[in-house]
Amino acid sequence: NNDDGNAQQVNNNAANEERGVGNEDDNEAANAANNMVVANDINNFDLEDNFGRMVMERIQWPEQDLEMGCRWTMALMNNFATYFQLVLANSFHPVLQRAIGVGSAFEGWSPREQDVVYQVLVPMAPPQGHSFHLEQDTAGQRCMRNFRIRVQLECTCSSEQQGRNMLCFLHHPKEELRTNQDPSLLHTLCTGSHLDVEKTARWFYQLVRAIWPALPQSHNWHLVLLPSRRSCQFQVTNGRESYRIEMLFGVRQGNS
Ligand SMILES: [Zn+2]
């Protein structure tokens with residue numbers, strides 16, 4: 001279940017603006033990932049040149065090490081998820097759902113030990129008063145799945161929403177909105193009417209940096225944020241062990 005075809009597809013798509021996830025099919029998480037569209041672009045490796053070499057050099061590392069890293073990563077992600085919920089409740093930022101392990105480490109292999117990156121996909125749902133719409137990017141090449149996420153404001157005038165003390169972005173006067181309510185997602189993480197991947201990545205970094213000190217892992221581990229324009233990458237070290245983790249973000253297809 002760690003077939004080359006899958007890796008190939010992900011890697012081939014790396015050159016695109018936004019892209020879908022590959023063909024894992026043997027467990028629930030993989031199926032969930034299958035229905036996701038990843039918003040990131042992983043430019044870190046030039047696969048045109050390196051893919052063959054990577055396949056040649058890829059080694060089946062002792063399964064237990066990767067397994068331990070995956071378990072550690074998911075435990076960390078679950079802790080993050082708890083705080084995402086707290087921090088983002090009633091905000092107009094994307095609702096972050098439980099992370100899904102994706103990529104080679106979670107499939108049980110990695111190119112080289114020092115290159116292990118534990119990639120997780122964090123599904124985003126639209127906040128109240130917003131909807132997400134996947135749009136195929138027609139500028140993209142054929143056979144590639146290029147997606148953009150268009151953000152649309154939704155009427156919240158119904159009584160149920162009124163009970164939550166939220167002003168309707170569409171139907172309340174602009175002045176009232178400006179003084180009494182946080183700006184909509186369109187004015188924070190979007191460029192035009194589309195979710196901006198780079199702004200979203202910067203927002204993830206802010207969240208990770210802000211939440212980290214509250215997590216139990218921060219007592220024994222040191223966090224170093226690594227630069228990435230279109231994802232959130234960081235390294236955690238405790239002196240003996242070190243994990244490099246990359247958070248990708250996406251939306252579920254059909255989620256609006
Ligand atoms: Zn309305």
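Residues numbered from 1 in each chain as written. Predicted model: local features only at pLDDT ≥ 70, side-chain atom pairs only at ≥ 80, totals over all residues. Heavy atoms only, no water.

- Under an unreviewed UniProt entry, the name given to the chain is IPIL1 protein, and the source organism is Sylvietta virens.

**Structural notes on the coordination of the zinc ion**
Octahedral metal centres with six donors ideally show angles of 90 or 180 degrees, and tetrahedral centres with four donors ideally show 109.5 degrees.
Right, so step 1: The protein atoms that coordinate the zinc ion are Cys155 (SG), Cys157 (SG), Cys168 (SG) and His171 (ND1), at distances spanning 2.0 to 2.4 Å.
Right, so step 2: Viewed at the metal, the 4 donor atoms of the zinc ion are separated by angles of 104 to 118 degrees, and the geometry they form is tetrahedral.
Right, so step 3: Written as a sequence motif, the donor arrangement for the zinc ion is C-x1-C-x10-C-x2-H. Separated by 13 residues along the polypeptide, cysteine 155 in the loop between strand E7 (147-153) and helix H6 (159-162) and cysteine 168 in the loop between H6 and helix H7 (174-180) bring together distant segments of the chain.
Right, so step 4: Since its relative accessible area comes to 0%, cysteine 168 is described here as buried. (Donors = N, O, S within 2.8 Å, 3.2 Å for Na, K, Ca; no water. Tetrahedral: all angles 85-135°; square planar, octahedral: opposite > 155°, others 65-115°. Helix = DSSP H or I, 4+ residues; strand = E, 2+ residues; numbered from the N terminus. Buried < 20%, exposed > 50% of the residue type's maximum accessible area, 1.4 Å probe, protein only.)

**Topic: the packing of aromatic side chains**
Aromatic ring pairs are defined here through the distance separating the ring centres and the angle between the ring planes.
Right, so step 1: Tallying each qualifying case throughout the model produces 10 aromatic pairs.
Right, so step 2: With 5.1 Å between their ring centres and 35 degrees between their planes, tryptophan 72 and tyrosine 243 make a pair best called tilted. Placement of the pair is tryptophan 72 in helix H4 (residues 63-88) and tyrosine 243 in strand E12 (residues 242-252), with a sequence separation of 171 residues.
Right, so step 3: Tryptophan 72 sits in the buried class, given a relative accessible area of 16%.
Right, so step 4: Ring geometry for phenylalanine 92 against phenylalanine 169: centres 4.9 Å apart, planes inclined by 75 degrees, an arrangement best described as edge-to-face. Taken together, the residues span a long stretch of sequence, with phenylalanine 92 in the loop between H4 and strand E3 (95-96) and phenylalanine 169 in the loop between H6 and H7 at a distance of 77 residues. Each member of the pair, phenylalanine 92 as well as phenylalanine 169, is classed as buried. (Phe/Tyr/Trp six-rings, centres within 6.5 Å; stacked < 30°, edge-to-face > 60°.)

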